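# Coordinates in review
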Amino acid sequence: MKPYVVRLQRTLLYLSLTLLWGCGGGGSSSDPDPGLIGVTPTADALLISDAQPLDNAVAVDPVQQNLFVSHLGFDGLSTSYTGDCTQGVAVRHAVRSLADAQFTELVDHKVLCPELQDNRSYALTVVNEAADGDRFETPLSFSTGVAGSVGVTVTDSVSSPRSAVQAAFADYLAGAFLDDLELPASVDTLVTDALLSLAGGWSNLISPGAIYGVTSEQVRYRSRQPDGNNTTELSGLVVVPDTSGAFTPREQIIVLAHATGSTPGDLEPTNAWFLLANILASYGYLVVAPDNWGRGVSSASPETYLMANRTAANALDMVREVIADGRYAAYTASTDRPRLVLIGYSQGGHTALALWQGVITQAAEELAIDALYAGGGPYNLYATFEGVLQHAQDTCADTEYCRDVNDETTVPFATNRVLPGFITYTDTGLNLADLVNGDTLEQAFVDGFLANTAEYDALKAMLFQSSFTNVTNPLEAWGEGRDSQLIFYHSEFDRLVPQANANELVALLETDFNVDYRADACSSLGYQTLSGLTPGIVGVVHAVCGLSMIDEVVAELR
């Protein structure tokens, strides 16, 4: 029996921990003496730590029937759902380093609410019950607005003949890719030679064997805002083959999850993910590539960077809208359950895995995932973020998540990319200005986070929620994905995103899932040489491994 229950406060202090005494439907109006820990309430609340839509949200689009609600909890809780939405899957994430050690897990409930109606109020309750009969409830209420039109709006497009598709990646490798690396003059020639040696093996990118020309469309589609309150338009890329006469559509739809800094919907010919979309469409595929919230049409807002539930929800919305739009029906095999191939690297590897999770927990009856190609992703986001803070505190002790952190490259990923979204879109009770100063971390934040100060528990909970290696019930939560082929890439010489991320994920999945871990693809002598030439430029091996992965993907899907 748990000695007491801690209520999660959705206030400025959020996780200021309060002891509750109660029975029946709730606690008393005042806190008990903390010493009275021998009495446990028979029914009380584990309050929401994060949700989409928010509790009491209005104008939720009735079409967007998948939602999530998460809360901290402890081992041994069984879960059920009551109210208007009773279909759900509990994904259980192990947590650590919280101020109150009784919380041992974060439970992220993936709930499906089919047949939502316009202008209606809905309520659901997550019921968590311990083996001794103690019952803890998490209620969520929201109301719907009016469903919008189904489909996408094309805002711009460009057509590329087969010859242009055939030459585009070779031009990119010789120009934009090397320019983006911004190599110092002292190593430019040596590194370029090493890169060219590796690039000699990328025959599928340099000469992809395009069959068709393609049309690339910048589109807008209906999706949810990061808080889930209302719908809005997001942007993305749809690429189709230019066909005439007889055409046999491919059986799968390709979904690309872009890497950091990429916006496929911009139709930019120096963007690697735009070029990959063109190559795959030139083989006859329908290719879909969402822009994350915070990129493209929503670029005025912070990006939902590595926020797994939110990036997955937006991507799933786009896939559904494209499939529902009759203009694309000719480019995919007719089936009641379309089949997807998901591809992502780095940030995109994390997003692709999040989308895989979202589909198999909330859309498995309508969509199938044949394969997932994911490389270089921070699948243990908490440990990866914690390593940056340990570096800032100079307490690394040569740990695998910290030893290669770099002030110029890695730290800004925390300050400029991870923290803005998590602070803006979740209720952590924190202000970004108190955590970061330009490209540096405020020392008080670093010290408090690593010392397990209570005020940072809500942020930690969100980092645990967007991690995958800490899931304690993978077969129960992800069992619908056992038939998907899960293909992972990660270089042992990657100093931007530690390979431990992939190692831990593969160890979690390999017993019960169809896993193919291709670490050797990015760990050859050429990668070791490149790593030795660029010890202070931590992103080079990481970026080059992405191209090796893309080359193999093209070879297998052509």
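What comes next concerns the included structure. (Residues numbered from 1 in each chain as written. Predicted model: local features only at pLDDT ≥ 70, side-chain atom pairs only at ≥ 80, totals over all residues. Heavy atoms only, no water.)

Here helix α6 (residues 308-324) contains 17 residues, and its C-alpha end-to-end distance of 24 Å stays within 8% of the 24 Å for a straight helix at 1.5 Å per residue. Of all the 17 residues making up α6, 15 are buried; the element is thus mostly covered by neighbouring parts of the structure. (Helix = DSSP H or I, 4+ residues; strand = E, 2+ residues; numbered from the N terminus. Expected span 1.5 Å × (residues − 1). Buried < 20%, exposed > 50% of the residue type's maximum accessible area, 1.4 Å probe, protein only.)

It is worth spelling out the side chain of Thr138 at this point. One can find Thr138 in strand β13 (residues 135-144). Residue Thr138 is classed as buried on the basis of its relative accessible area, which comes to 1%. Setting aside residues no more than four positions away along its own chain, Thr138 makes contact with Leu46, Leu47, Ile48, Val69, His71, Leu124, Thr125, Val126 and Asn128. (Contact = heavy atoms within 4.5 Å.)

Hydrogen bonding along the main chain pairs the strands of a sheet, whether they run parallel or antiparallel. Here nine strands make up an open sheet; going across it, the order is β14-β15-β16-β18-β17-β19-β20-β23-β24 and the pairing mixed. The sheet terminates laterally at β14 (152-160) and β24 (514-517), the two strands that pair on one side only. The average angle at which neighbouring strand axes cross in this sheet is 20 degrees, direction not considered. In this sheet, strand β20 (residues 368-375) lies alongside strand β19 (residues 339-345) in parallel orientation, the contact comprising seven bridges. (Pairing = 2+ DSSP bridges. Axes fitted to C-alpha atoms, helices over the stretch in contact; angles between N-to-C directions.)

So, on to the side chain of Asn204. Here Asn204 shows up in helix α4 (residues 203-206). For Asn204, the residues in contact, after removing those within four places along its chain, are Asp551, Val554, Ala555 and Arg558.

Right, let's get into the pairing of strand β18 (residues 286-290). A large share of β18 lies buried, amounting to five of its five residues. In terms of strand pairing, strand β16 (residues 231-242) meets β18 through four bridges, oriented antiparallel. The residue of β18 that forms the bridge with Leu237 is Ala289. Pairing geometry for strand β17 (residues 252-257) and β18, over three bridges, is parallel. Bridged to Ile254 within β18 is Val287. In the classification by handedness, the crossover that spans β17, the intervening helix α5 (residues 272-281) and the parallel β18 is right-handed. (Right-handed = clockwise from strand over helix to strand, strands pointing away.)

Moving on, we get to the packing of aromatic side chains. In this structure the tally under the stated criterion is 15 aromatic pairs. The structure contains a cluster of three or more aromatic residues connected by ring pairs, namely Tyr382, Phe385, Phe445, Phe449, Tyr456 and Phe464. Just above the ring of Phe449 sits the side chain of Lys460; from NZ or CZ to the centre is 4.8 Å. (Phe/Tyr/Trp six-rings, centres within 6.5 Å; stacked < 30°, edge-to-face > 60°. Lys NZ or Arg CZ within 6 Å of the ring centre and 35° of its normal.)

Bringing the sheet that holds strand β10 (residues 87-94) into the picture now. One open sheet accounts for four strands, arranged β6-β8-β11-β10; its pairing is antiparallel. Since the sheet does not close on itself, it has two edges, and those belong to β6 (50-52) and β10, each with one partner. Adjacent strand axes in the sheet meet at a mean angle of 15 degrees when their direction is disregarded. Of the strand pairs in this sheet, strand β8 (residues 66-73) and strand β11 (residues 105-112) are connected by eight bridges, and their pairing is antiparallel. Within β11, the position partnered with Val69 by the bridge is His109. Here helix α7 (residues 347-362) sits on the sheet in contact with β8, β10 and β11, set at roughly 60 degrees to β11. Across the sheet, helix α11 (residues 457-465) is in contact with β6, β8, β10 and β11; its angle to β11 comes to roughly 60 degrees.

Their axes nearest at 9 Å, the elements helix α14 (residues 525-533) and helix α15 (residues 540-557) cross at an angle of 155 degrees. One way to sum up the angle between α14 and α15 is to call them roughly antiparallel. For the pair α14 and α15, the crossing hand works out as right-handed. In this structure, α14 contributes Tyr527, Leu530 and Ser531 to the contact, and α15 contributes Val540, Val541, Val544, Cys545 and Ser548. (Parallel < 35°, antiparallel > 145°, perpendicular 65-115°, else oblique. Left-handed = near helix turned anticlockwise from the far one by under 90°.)

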